[in-house]
Amino acid sequence: MFFCTQERLLLSVLPKHVAAEIREDLGAVVTGQFKKIYMSRHENVSILFADIVGFTAISSTCTAPELVKILNELFARFDKLSDKYHQLRIKILGDCYYCISGAPEERPDHAVLCVHMGLSMVDAIKSVREKTNTNVDMRVGVHTGAILAGVMGQRQWQFDVYSRDVVLANKMESAGMPGRVHISEKTLGFLKGEFEVSPGDGMSREEALRQAGLETYFITKVLKPYPMGTLDEKAEQNGKSGKEDKDSENSDSEEQDELSKLTGNGEKSFEEDYKARLHEELLGRETKGHIRQQANPLTLFFKEPKLETEFRKIKDTVSLVSISGLPAIAIFCTAAYFLVMSGSIFAIICLPSGSLLLSIIALIVICPVGLEVGPSMLKRMGLKIIEKPGLRLGIILIMVIIWCVIHVLSTDYENTWTWPGTVSFGVVGGNGSNLTTVRPFPPARMTHNFPQYLTYFAVLELIGLTVLTHLSHLIKFFLTLVIAVIQGFINLNLLQDSLDYYDDRTYGTTSDHDMSHSITLTVIVVVVAVCLILINRQLEVTSRRLFLWQKEVEEQREKVADMRLKNEALVYNILPPHVAKHFLGQSKKDEELYSKSYEAVGVLFAAMPNFSDFYTEDSVNNQGLECLRFLNEVISDYDALLEQPRFKDIIKIKTIGSTYMAASGLTDDNYNPNMPVKEKWAHLAQLTEFALTLKETLTNINKESFNNFLLRMGINQGPITAGVIGARKPHYDMWGNTVNVSSRMESTGKAGCIQVVEETARILEEFDYVFEQRGLVAVKGKGNLMTYYLLGRKSDLKNSPVKSNLDDPAVPTTSSS
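Please read these numbers as outputs of a predicted model, since none were measured by experiment. (Residues numbered from 1 in each chain as written. Predicted model: local features only at pLDDT ≥ 70, side-chain atom pairs only at ≥ 80, totals over all residues. Heavy atoms only, no water.)

Student: So what about the pattern of salt bridges? Which residues, and what values?
Tutor: Inspection of every chain in the model, using the stated rule, returns 21 salt bridges. Residue glutamate 207 is joined to arginine 210 by a salt bridge in which the shortest nitrogen-to-oxygen separation is 1.9 Å. Note that glutamate 207 and arginine 210 are positioned in helix α8 (residues 207–212) at a spacing of three residues, about one turn of the helix. Judged by its relative accessible area of 39%, glutamate 207 falls in the partly exposed class. Between glutamate 310 and lysine 551 there is a salt bridge, with the nearest N and O atoms lying 2.6 Å from each other. With glutamate 310 in helix α14 (residues 305–312) and lysine 551 in helix α23 (residues 517–574), this pair connects stretches of sequence that are 241 residues apart. Exposure remark for glutamate 310: the relative accessible area of 30% places this residue in the partly exposed category. (Salt bridge = Lys/Arg side-chain N within 4 Å of Asp/Glu carboxyl O. Helix = DSSP H or I, 4+ residues; strand = E, 2+ residues; numbered from the N terminus. Buried < 20%, exposed > 50% of the residue type's maximum accessible area, 1.4 Å probe, protein only.)

Have a look at this one:
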């Protein structure tokens, strides 16, 4: 069940081909100069960005569970629509949803599908508007071009797309209007007249569009409703897509069911179906042809010596337990001998002695291993017998020889001793009828009362030989043949007089019987021996077939175990550890969606503003791939810092282009509002130290690569709402005023600096951090905020000759200066 949940989570977040490639590379040694980048380029792809207008009003009035539930219901509908319109959802950025069409599966109708998707999203937001009684709406932008798609960094992997056209698609959304689908002229060229459009004049509202000289349009009317003009039209005509429209009406309940399956609530039925299919496959597997290819048809030895060696060295305690059949047969044969037959002096001595000897050998071999009792020396010996097939064969041969010896000696009747009270009978004669006169037989001619029992004893011995496991059928054939020949010789020679006398005594001297008992019993032994030889061969065929089957199962099990470990590593690398544990550990059917409110969380945004100047899509940079390879190295180095113990409370949330987002305080379950500042905000100081370390890391990268990249960072602290949204593709994200302000601190800051608001500066001063007042900064949606630039730790700055003037009272360090 756990493995199935891993696989579902993994494939729901990463495309199948990317997940497979990453899984194969897990644990591999990196030999090149750069870390492997999982990125591929796709041409003629339509990119859709959709943003919820008025989302801030909802997030400020709803509780964490309510907000996550609203978002999950909305984005679940979007995910359902993305399946219908063949979109690949890329990422959710707060209240922004973006997806692509035409990659990785190429489709000529990608632009048409994207526009239908955007129009459906505008319709879907109406239910949220009615439910929340707010003026929320969707602003949708669509642009068509080329993309580079893949994952960045080494932690919290998220599938993303990069290119100039992706940036323009984002600007198409921001330059759009609420309730409208805003498309570029490139997208319009792929619509084939299926929509009526009007001028969008996006260049007047967005500088990037004006610089690109990109004409824009609004969709005003649908001329060909879906699926007309798309590849789904033929399927719709065949009645194959009618179910999709019906499914979209019930998306809420079905998405909830999908989430239940994903998180483990519906895993039972999936697991049962998986086991049933596996059972059917195993039972229906053809192995007869496989054994013919692998083994010699005569000897049944495997053609591959290594395989034959593995088969012979199978450690199986059952092979030792099967040895107990020989002494057990000997004991019962001894009891039967003395109960129904006359005993010779040899039999009286040999049968009990031989049975005792066989029992001792079996106990010495079996007890230390099977019952785990006895001295350590015997245990070691028993283990060696299991490990060494030659030693096991030697013991079996000794036991068979012992049995054959006592069996032959027990056939002697020259020195018969009659038990007290036992009467031997003989035939005196008859009067021509079937009646005979019986009188005691003279002691000089004593014979066995029931000599045929000796043959039955031999048959039992052959059966005891058959049940021995992990013994070659050739050896069993040889031993069976030897015992049959010995018993045949005994019947036709040593026991002939006894058998003839038994016939005369039983059937009368005048009875006309065609075949004597000596011949009949010999034929029986031969027939039984032949049957057992065939059975022994078939048993070995089955044993070797099971061995091959078990070997295949073990190989599959190892693959599954390896895949499970890799999947687990991937899942914990996609979702934060505490969130991944929540999903993988769910089993209750009434489990709520994951959401949680935090009162004291630190949020960091770190961006490289001059990376956009560095990024070019020309042939020298392999259409931008080499630029992203460098960005991947930078982000990977950032991710590596999180493995250090000093940053254990920091979690990477996501990357947005060249922007790195991290947070602290998400794993602290012991929060108390009355805690001292240094204890309450220790994780914020840790996050600040992480930000300073990011600057040092980028400086070192610049020295090695001869670049001059700078980080522009913003830090904020306060309450946030975190949760997982998206039933089909779970995505962990954070919302709230704290996140928004942190993002604004980064975007309104200065390259090479860390900007914070006044409250954050006051808290960090308790940890000996020094700040320089910047002044009032206009923050979108917040008005003018007093902000500060972080200069560093006071102890570090005092030792720095460049910053030694901070001790001058004339230099402002905080708002109180």
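Student: Can you tell me about helix α21 (residues 473–494), naming the residues and giving the values?
Tutor: Relative to the 32 Å expected for 22 residues at 1.5 Å per residue, α21 spans 30 Å between its end C-alpha atoms, a close match to the ideal helical length. Looking at the buried side of α21, the elements it contacts are α19 (389–409), α20 (452–466), α22 (496–507) and α23. The N-cap of α21, judged by a side-chain oxygen 3.2 Å from the amide nitrogen of leucine 474 a few residues on, is serine 472. (Expected span 1.5 Å × (residues − 1). Contact = heavy atoms within 4.5 Å. Polar contact = N/O pair within 3.5 Å; in protein donor to acceptor, adjacent residues only side chain to side chain.)

Student: Help me get a handle on the UniProt feature "transmembrane region" (unreviewed entry) in the chain, residues and values and all.
Tutor: If you check UniProt for "transmembrane region" (unreviewed entry), the listed places come out as residues 318–339, 345–371, 391–410, 453–471, 478–495 and 515–535 in our numbering. Taken end to end, residues 391–410 has its terminal C-alpha atoms 29 Å apart, with 95% of it in helix and 0% in strand. The annotated region residues 515–535 carries 90% helix and 0% strand content, and the separation between its end C-alpha atoms amounts to 29 Å. (UniProt positions renumbered as here; feature names shortened; annotations may be inferred.)

Student: If you had to explain the nonpolar core to someone new, which residues and values would you point to?
Tutor: Leu628, Phe690 and Leu694 are the most contacted members of the largest nonpolar core, which totals 49 residues. Residues within four places of phenylalanine 690 in sequence aside, it is in contact with Leu604, Tyr638, Leu641, Leu642, Phe647, Ile650, Tyr660 and Ala662. Within the second largest apolar cluster, 45 residues are counted, among which are Val151, Ala169, Ile651 and Val739. (Core = buried A, V, L, I, M, F, W, Y, C linked by side-chain atoms within 4.5 Å.)

Student: Could you give an account of the packing of aromatic side chains, naming the residues involved and the relevant values?
Tutor: For the structure on display, the rule yields 20 aromatic pairs. Between phenylalanine 302 and phenylalanine 547, the aromatic rings sit 5.7 Å apart at their centres with planes inclined by 40 degrees, giving tilted as the arrangement. Taken together, the residues span a long stretch of sequence, with phenylalanine 302 in the loop between α13 (288–294) and α14 and phenylalanine 547 in helix α23 at a distance of 245 residues. Residue classification places phenylalanine 302 among the buried positions, given a relative accessible area of 5%. Through pairs of rings, three or more aromatic residues link up here, namely Phe611, Phe614, Tyr615, Phe630 and Phe709. Between arginine 180 and the ring centre of phenylalanine 218, over which it is positioned, the NZ or CZ distance is 4.5 Å. Stacked on the ring of phenylalanine 302, the Lys or Arg arginine 544 has its end atom at 4.9 Å from the ring centre. (Phe/Tyr/Trp six-rings, centres within 6.5 Å; stacked < 30°, edge-to-face > 60°. Lys NZ or Arg CZ within 6 Å of the ring centre and 35° of its normal.)

Student: Could you give an account of the environment of glutamine 755, naming the residues involved and the relevant values?
Tutor: Tracing the backbone through its elements, the reader meets glutamine 755 in strand β18 (residues 754–757). According to the relative accessible area criterion, glutamine 755 is buried, its value standing at 0%. Taking the C-alpha atoms as reference points, glutamine 755 and serine 742, 13 residues apart in sequence, are found 8.8 Å from one another. Ignoring any residue separated from it by four or fewer positions in sequence, one finds glutamine 755 in contact with Met713, Gly714, Ile715, Arg744, Met745, Thr748, Gly749, Arg774, Val777, Thr787, Tyr788 and Tyr789. A polar contact is formed between the side chain of glutamine 755 and the side chain of threonine 748, at a distance of 3.2 Å.

Student: Now, about the packing of α22 against α23: what can you tell me, with residues and values included?
Tutor: The relative placement of two packed helices is expressed as an angle between their axes plus a distance between the axes. Interhelical geometry of α22 versus α23 gives an angle of 115 degrees and a closest axis separation of 8 Å. Here α23 runs roughly perpendicular to α22, going by the angle between their axes. Contacts between α22 and α23 involve Gln496, Leu499, Tyr502, Asp503 and Tyr507 on the former and, on the latter, His517, Ser518 and Leu521. (Axes fitted to C-alpha atoms, helices over the stretch in contact; angles between N-to-C directions. Parallel < 35°, antiparallel > 145°, perpendicular 65-115°, else oblique.)

Student: Summarise the pairing of strand β17 (residues 731–735); cite the residues concerned and give the values.
Tutor: With five of its five residues buried, β17 lies for the most part within the structure. A two-sided burial pattern is seen for β17, the buried positions comprising His731, Asp733 and Trp735 on one face and Tyr732 and Met734 on the other. Looking at chain direction, strand β16 (residues 712–725) and β17 are connected through five bridges and run antiparallel. In the sheet register, alanine 722 faces β17, and the bridge partner there is methionine 734. (Pairing = 2+ DSSP bridges.)

Student: Tell me about the environment of tyrosine 660, and name the residues and values.
Tutor: Position of tyrosine 660 among the secondary structure elements: in strand β15 (residues 659–664). Aside from chain neighbours lying at most four places away, what touches tyrosine 660 is Leu604, Phe605, Ala606, Ile635, Tyr638, Asp639, Leu642, Lys652, Lys654, Thr655 and Phe690. Polar contacts involving the side chain of tyrosine 660 include one to the side chain of aspartate 639, which spans 2.7 Å.

Student: Residues and numbers for the side chain of glutamate 461, please.
Tutor: Examined against the element boundaries, glutamate 461 turns out to sit in helix α20. Among buried Asp, Glu, Lys and Arg side chains, glutamate 461 stands out as unpaired, with lysine 476 the closest opposite charge at 12 Å. Beyond its immediate sequence surroundings of up to four residues, glutamate 461 is in contact with Leu326, Ile329, Val400, Trp403 and Ile483. (Lys, Arg positive; Asp, Glu negative; His and termini not counted.)

Student: Describe the packing of α21 against α23, and please don't skip the residues or the numbers.
Tutor: Relative orientation of the contacting elements α21 and α23 amounts to 175 degrees, with a least axis distance of 9 Å. As far as their axial angle goes, α23 and α21 are roughly antiparallel. Contacts between α21 and α23 pair His473, Lys476, Phe477, Thr480, Ala484, Gln487, Gly488, Asn491 and Leu492 from the former with Ser518, Ile519, Leu521, Thr522, Val525, Ala529, Ile533, Asn536, Arg537 and Glu540 from the latter. Partitioned by chemical class, the residues of the contact of α21 with α23 number eight nonpolar, eight polar and three charged. (Nonpolar A, V, L, I, M, F, W, Y, C, P; charged D, E, K, R; others polar.)

Student: How would you sum up a nonpolar patch on the surface? Please name residues and give values.
Tutor: Judged by side-chain polarity, Phe346, Leu397, Ile401, Val405 and Leu409 come together as a nonpolar surface patch covering roughly 390 Å² of accessible area. For the nonpolar patch, the element with the highest residue contribution is α19, accounting for four residues. Relative to the elements of secondary structure, leucine 397 occurs in helix α19. (Patch = residues over 30% accessible without salt bridge, like charges linked within 9 Å, V, L, I, M, F, W, Y side chains within 5 Å. Areas by Shrake-Rupley, 256 points an atom, 1.4 Å probe, with all protein chains shown as cover.)

Student: I'd like a rundown of unusual backbone geometry, residues and numbers included.
Tutor: Each neighbour pair has its own omega, and for alanine 103 with proline 104 the value is -5 degrees, a cis peptide bond. Residue placement: proline 104 occurs in the loop between β3 (96–101) and α5 (110–132). For the peptide bond that leads from tyrosine 226 to proline 227, omega is 10 degrees, which places it in the cis range. Positive phi, close to 55 degrees, is recorded for histidine 86, a residue that is not glycine. Relative to the helices and strands, histidine 86 resides in the loop between α4 (64–84) and β2 (88–93). We classify histidine 86 as partly exposed; its relative accessible area is 27%. Within the chain, aspartate 201 stands out as a residue other than glycine whose phi angle is a positive 55 degrees. Within the secondary structure layout, aspartate 201 lies in the loop between β7 (195–199) and α8.

Student: Give a description of helix α29 (residues 737–747) that names residues and reports values.
Tutor: All of the buried residues in α29 are Thr738, Val739, Val741, Ser742, Met745 and Glu746. Looking straight down α29, one finds that the buried residues subtend no more than 165 degrees of arc, so they occupy a single side. (Arc of directions from axis to C-beta.)

Student: Can you explain the pairing of β3? Please cite residues and give values.
Tutor: Among the six residues in β3, six count as buried, and that is most of the element. Of the two faces of β3, the one lined by Cys96, Tyr98 and Ile100 and the one lined by Tyr97, Cys99 and Ser101 are each fully buried. Where strand β1 (residues 38–53) meets β3, six bridges bridge the pair, whose relative direction is antiparallel. In the sheet register, aspartate 51 faces β3, and the bridge partner there is cysteine 96. In this sheet, β3 lies alongside β2 in antiparallel orientation, the contact comprising five bridges. By the bridge assignment, isoleucine 92 is partnered in β3 with tyrosine 97. In this structure, the hairpin formed by β2 and β3 is closed by a connection of two residues, where glycine 94 is found at a positive phi of approximately 65 degrees.

Student: I'd like to hear about the confidence of the model for the chain, residue by residue, with values.
Tutor: Averaged over all residues, the pLDDT of the chain is 79; the fraction at 70 or higher stands at 77%. Summarising per-element confidence for the chain, the mean pLDDT is lowest in strand β12 (residues 436–440) (41) and highest in strand β6 (residues 181–184) (97). Taken as a whole, residues 415–446 scores under 50 in pLDDT and shows 49 contacts with residues more than four places along the chain or in a different chain. Confidence drops under pLDDT 50 across residues 587–591; counting only partners more than four residues distant or on other chains, this segment forms six contacts. (pLDDT = per-residue confidence, 0-100.)

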